[in-house]
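Single-letter residue listing:
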Amino acid sequence: MSTTEWRERLLERMPPELAEEIDIFEGQMELRRKGKIEDRVFAETRLRRGVYGQRYDNGHRHDGLASRELVYPAGDLTKGPETLWDAPGMVRIKVPYGGITPEQLDVIAELAEEYSDSILHITTRQDVQLHYVHIDDTPDLMRRLASVDITTREACGNGVRNLTACPLAGVCHTEAFDTTAYAAALFRFLLGHPDCQDFGRKFKPAFSGCAGEACGLVMMHDFGAIARTSIVDGVERRSFDLYVGGGLGTTPHQAKLLYEDHPVEELLPAVQSIARVFGRLGEKANRNRARIKFLVAKLGIDEFRRLVDEERKVLPHDDRWTSYLPSVEDYTESPVREAVPAPANGAPLPDGYREWLRTNVYRQRQPGYAVATVALPLGDLSSTQTRQLADVARKYVGDAVRTTVEQNIVLRWVAEGDLPALYEDLVAIDLAAPGAGTIVDVTSCPGTDTCKLGIASSRGLAGELRTRLAAKQFELDEAVRGLRIKVSGCFNSCGQHHVADIGFFGNSRKINGVTVPHFQVVLGGRWRENAGSYGLAIGSVPSKRIPEVVDAITTRFVTEREGEESFQDWIARLGKKELGAMIGELKTVPPVDEDPSFYTDWGDARVFTMGDMGIGECAGEVISSTDLELTMAESIAFDAQVALEDGDLARADERAYAAMVAGARALVRTEHPNVPDDPDTIVREFRTRFYDTERFFDRFAKGRFARPLFDRHEAGSPAEHQDEATRSLVEESQLFIDAVHAMEIREAGAQSALV
C-alpha cells in the first residue's frame, strides 16, 4: 500500500494532532531530500520523532581486516552528520508506563515484519524498538502506530522521553496506591509541551508506588514520583514525594528529594515548573554537562527548589493540571475471567510448570489473581510470537499487559486456576522460559549489534551468560539465584549496569599492540529501594573471561556469606582491595597465536582488533612504556576507589586526580619523553598536544572525558570534600583512562591481529 493510501485509510483513526505532526515530518523529509534543511537540524527533527541512527549508517563496516564501504542507492544524501539516507536505522516506540494492548502488539508485529527484521526489542525503559528501518518507511509506520494510539514523538532527542513505572502498579502488595492514572496524565501533559522543547538534553520521568522495592527506579531518573498516603481528618489523602536530578551514564547521580508529601493536585504544575527551570538554566553548549543532574548539583537542591517555587508562582493556570483527577478514582483494570482456585495439591501439572510458577508468577493483592512474567531473552520476541502472545493475552487477561524495565512482558490479572493452561499456551509459542527476575534473566542494551556507541558486544556477552547460567539454574544456591546481572556495551549505562548486583560495561585495551574487547566489572549496585545505590568499577577484564568472573564472584559469595548477609553487604565487607585481587588473575590475555578467541567478541565472528599487527608482536615480547604508564594510572585509579570505600574522601579525590595526571603523562611522553613530573606542565602539554588539536576527541564523546582533569587541576583540592562530588571524580578518572586507551588505539591505527 502506498503512503498516500495509508494516510487516507487511517486518517479518521488517528488523533488529529498526531496525523498533522506526521504530515509535517513527511514534508521535512522532502525538504531534506532537496537540500533545504541543514542535516544537523534534520537530525534533531527526526530524533524527536523517534527515528534514530544505527551502527554502520556512515556507509562503512569493518570486516575484521579493513573498513569496507557500503554503497547505497541515494549516494551521498544524508539524514544527519555522517548518516546516509538509505542506511537502516532504528525507530523507538513510546510505551508509557509499559501499558500495551493486544491490538497494539498486533500492529507493532506487522510493522516489524514489513519494515524491520521481524524482531521487537523491549528496552530498559519499557519502549519497543524496531531496527533496520528505512527512513522512507517511517511516516507510514508512524501513521499505523497512531491509528492504535501510539506515538514515537520525543522517544529520542532532547525532550521528555518515555515515562516509566512499576509494571505491578495497581496489583502490588506494598504500593501506597496505583500510580497508573497519574502517570498517564503526566505523559499526555508533557508530550509536545512548549515548556519542554528547549532542553539541552533528554529528560526521563518515572513513577513508583512504594519506596522499598525496585518499582520505578526513581532514584536514577531526572524526575521521579513515589506514592504515599496519609490520614487527614479521618480521610485518606494521596500525595507524592518528588525527586529530581538522578541519572546514570558516565557520572551517575542519585536523585534528590525536591518535595515531600506533595499534593497530587500540584503534580503537573510542579513538573512544568521544573521543566521551565531546566529549560532556562540547564547547560546547552556542553552536552556532556546538560542533563538536569548537573544543574541540580551545581545549584544545590535548596536553590533549585527555590527557583522551582518561584516558577510555580508565575505559571499561567492550565485546566489540565487537575481536570484528570475526578477520573483517577474511577480508574480500574478489570479481569476478563472469573477467579478460579489454583490447582489442588497433587493435581497433575505440565512439565516444567512448578519452576516457571516459582520464578515467573507474582500473586496479586487481589485474591485469586496473579501476574505472569513472559521472560524474553535479550528483550527480543519475533513478530510471529508477538501475534501469538497477543492472542494469549486476549484469552486470559485482555488489555492487562505491560512491558518491564527488565526487558520482559507481564500479563496481569491471570486467574490462578488458569495458570497451568496459560503456561502450556506459552510453551507452545516458546515463551515459557523460567528464571524471570533471577540471575538468569540478564539485561542488556543493544551494544555493538546496532548501537553506534557500543564498544564491546553486550548482547553477545549477555547471551553467553544466560546460556551458561540457565544450564545450571536448578543447581544454583538460592542466594545466587536472586542476583541481577546487567550489561552495557559502553559507559553510557543503557543496560543499567550501575544498579545491578553484578554489572559490566564495555571498553577495550591494547595488549601488545592489539585491541582486545574488555568489560569493566561493577559490583554492589542496589536494585531495590528504587535503585538505592550504585556499584563501583573494580577493574577491566577481557571479554572472554567475564563468565569466569561471574563464576568466581558467585562461588565465593556462597562460600563466605555470613547468615543472611546481602550481596551488597558482602561486597562492602570484602572491600575493593580484595575484590580487585579476586579478578586480578583474570585480567591476563594470552598471545593471539595461543588463544585467538580473546581477540574476537562474543557472538561476532569478525576479529575485534587491528589488521596490521605483526605476528611477532602478539607473543608478548614487546610492552611499550605507554602501556606500563597506563597500567600505573589504572592502579592509582583503583587506589582512589579503595579510599572512597574507606570513607577517606580527601585521599580519593587526590588519587583520582593523580590517576588522570598519570594517564595524561603517558600520552604526553609519547611525543615529549622528557616531560617533567610537574602537573602544570603535564596538563598544559596534554591540552596543547591532544585536546586543543582534538586528537583526544572521539566521534561521539568529543573531549568530554578530559574536562574533569582540567576542572580539578584548575580548581585545586577542594576545601571541603563532598561525597557525591568525590564519587563522580573517581568514576571520571577511570573514564579518562579508558579514553586515553581508546585514543592510543585510534592513533596506532591498529586493527586485526589474526592472519
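Residues numbered from 1 in each chain as written. Predicted model: local features only at pLDDT ≥ 70, side-chain atom pairs only at ≥ 80, totals over all residues. Heavy atoms only, no water.

A. Quick peek at the overall build of the chain. Secondary structure summary: the chain contains 24 helices and 24 strands in total. The C-alpha atoms of the chain give a radius of gyration of 26 Å, which matches the 27 Å a tight globule of 755 residues would have. Here the chain holds 755 residues, and 60% of them are scored as buried. If you take every contact in the chain between residues at least 6 apart in sequence, the share linking residues at least 24 apart comes to 70%. Carbon and sulfur atoms make up 50% of the accessible area of the chain, which totals about 29600 Å². Between the centroid of the 89 positive side chains of the chain and the centroid of its 118 negative side chains there is a distance of 2 Å. (Helix = DSSP H or I, 4+ residues; strand = E, 2+ residues; numbered from the N terminus. Rg over C-alpha atoms; globule rule 2.2 N^0.38 Å. Buried < 20%, exposed > 50% of the residue type's maximum accessible area, 1.4 Å probe, protein only. Contact = heavy atoms within 4.5 Å. Areas by Shrake-Rupley, 256 points an atom, 1.4 Å probe, with all protein chains shown as cover. Lys, Arg positive; Asp, Glu negative; His and termini not counted. Charge placed at Lys NZ, Arg CZ, Asp CG, Glu CD.)

B. A look at the pairing of strand S13 (residues 235-244). In terms of strand pairing, strand S12 (residues 223-232) meets S13 through 10 bridges, oriented antiparallel. Note that in S13 the partner of Ala225 across the bridge is Leu242. Where S12 hands over to S13, the hairpin turn is made up of two residues, of which Asp233 adopts a positive phi near 50°. With five bridges joining them, S13 and strand S14 (residues 256-263) adopt antiparallel strand pairing. Following the sheet pairing, Phe240 is matched in S14 by His262. (Pairing = 2+ DSSP bridges.)

C. Highlighting the packing of helix H21 (residues 649-668) against helix H23 (residues 707-715). At a minimum axis separation of 10 Å, H21 and H23 run at an interaxial angle of 120°. In terms of axis orientation, H21 runs oblique to H23. Between H21 and H23 the crossing geometry is left-handed. In contact with Asp653, Glu654, Tyr657, Met660, Val661 and Ala664 of H21, H23 contributes Pro708, Leu709, Arg712 and His713. Class assignment for the residues of the contact of H21 with H23 results in six nonpolar, one polar and three charged. (Axes fitted to C-alpha atoms, helices over the stretch in contact; angles between N-to-C directions. Parallel < 35°, antiparallel > 145°, perpendicular 65-115°, else oblique. Left-handed = near helix turned anticlockwise from the far one by under 90°. Nonpolar A, V, L, I, M, F, W, Y, C, P; charged D, E, K, R; others polar.)

D. Structural detail: the pattern of salt bridges. For the structure shown, the criterion picks out 68 salt bridges. Notably, a salt bridge pairs Arg468 with Glu464, separated by 2.7 Å at the nearest N-O pair. A residue pair is termed a helical-turn pair when its members lie 3 or 4 positions apart in one helix, as Arg468 and Glu464 do in helix H15 (residues 458-471) at four residues. Arg468 gets classed as partly exposed once you look at its relative accessible area, which sits at 40%. With relative accessibility at 23%, the residue Glu464 sits in the partly exposed group. Among the ionic pairs, Arg695 bridges to Glu671, the shortest N-O distance being 2.6 Å. On the criterion of sequence distance, the pair formed by Arg695 in the loop between helix H22 (679-691) and H23 and Glu671 in the loop between H21 and H22 is long-range, its members being 24 residues apart. Residue Arg695 is classed as partly exposed on the basis of its relative accessible area, which comes to 26%. (Salt bridge = Lys/Arg side-chain N within 4 Å of Asp/Glu carboxyl O.)

E. Layout of helix H3 (residues 39-47). Turning to H3, its buried residues are Asp39, Phe42, Ala43, Thr45, Arg46 and Leu47. Looking at the buried side of H3, the elements it contacts are helix H2 (16-33), strand S1 (51-52), strand S4 (78-80) and strand S5 (83-84). Its side-chain oxygen at 3.2 Å from the backbone nitrogen of Arg40, Glu38 defines the N-terminal cap of H3. (Polar contact = N/O pair within 3.5 Å; in protein donor to acceptor, adjacent residues only side chain to side chain.)

F. Fine view of the sheet that holds strand S20 (residues 443-444). Taking strand neighbours across the sheet as the criterion, the five strands line up as S20-S21-S22-S23-S24 in an open arrangement whose pairing is mixed. Of all strands in the sheet, those bounded by a partner on one side alone are S20 and strand S24 (536-542). Bridge count for S20 against strand S21 (residues 485-488) is two bridges, and the pairing is parallel. Opposite Ser444, over in S21, you have Val487 as the bridge partner. Along the sheet face, H15 touches S20, S21, strand S22 (502-511) and strand S23 (514-523) and points at about 160° away from the line of S21.

G. Looking closely at the sheet that holds strand S16 (residues 369-374). If you walk across this open sheet you meet the five strands as S7-S18-S19-S16-S15, and the pairing is antiparallel. Every interior strand has two partners, whereas the edge strands, strand S7 (99-100) and strand S15 (361-363), have only one. Strand direction decides the pairing type here: strand S18 (residues 401-403) and strand S19 (residues 409-415), joined by three bridges, are antiparallel. By the bridge assignment, Arg402 is partnered in S19 with Val410. Helix H14 (residues 419-428) contacts S15, S16 and S19 of the sheet and is inclined by roughly 145° relative to S19.

H. Quick peek at the confidence of the model for the chain. Within the chain, residue pLDDT values average 90, and 96% of them lie at 70 or more. Across residues 609-623 the pLDDT falls below 50, and counting only partners more than four positions away or on other chains, this stretch makes 42 contacts in the model. Scored below 50 in pLDDT, residues 750-755 shows 31 contacts in the model against residues more than four places distant or in partner chains. (pLDDT = per-residue confidence, 0-100.)

I. Region of the structure containing the environment of Pro673. Within the element layout of this structure, Pro673 appears in the loop between H21 and H22. For Pro673, a relative accessible area of 48% corresponds to the partly exposed category. With 457 residues separating them along the chain, Pro673 and Gly216 place their C-alpha atoms 52 Å apart.

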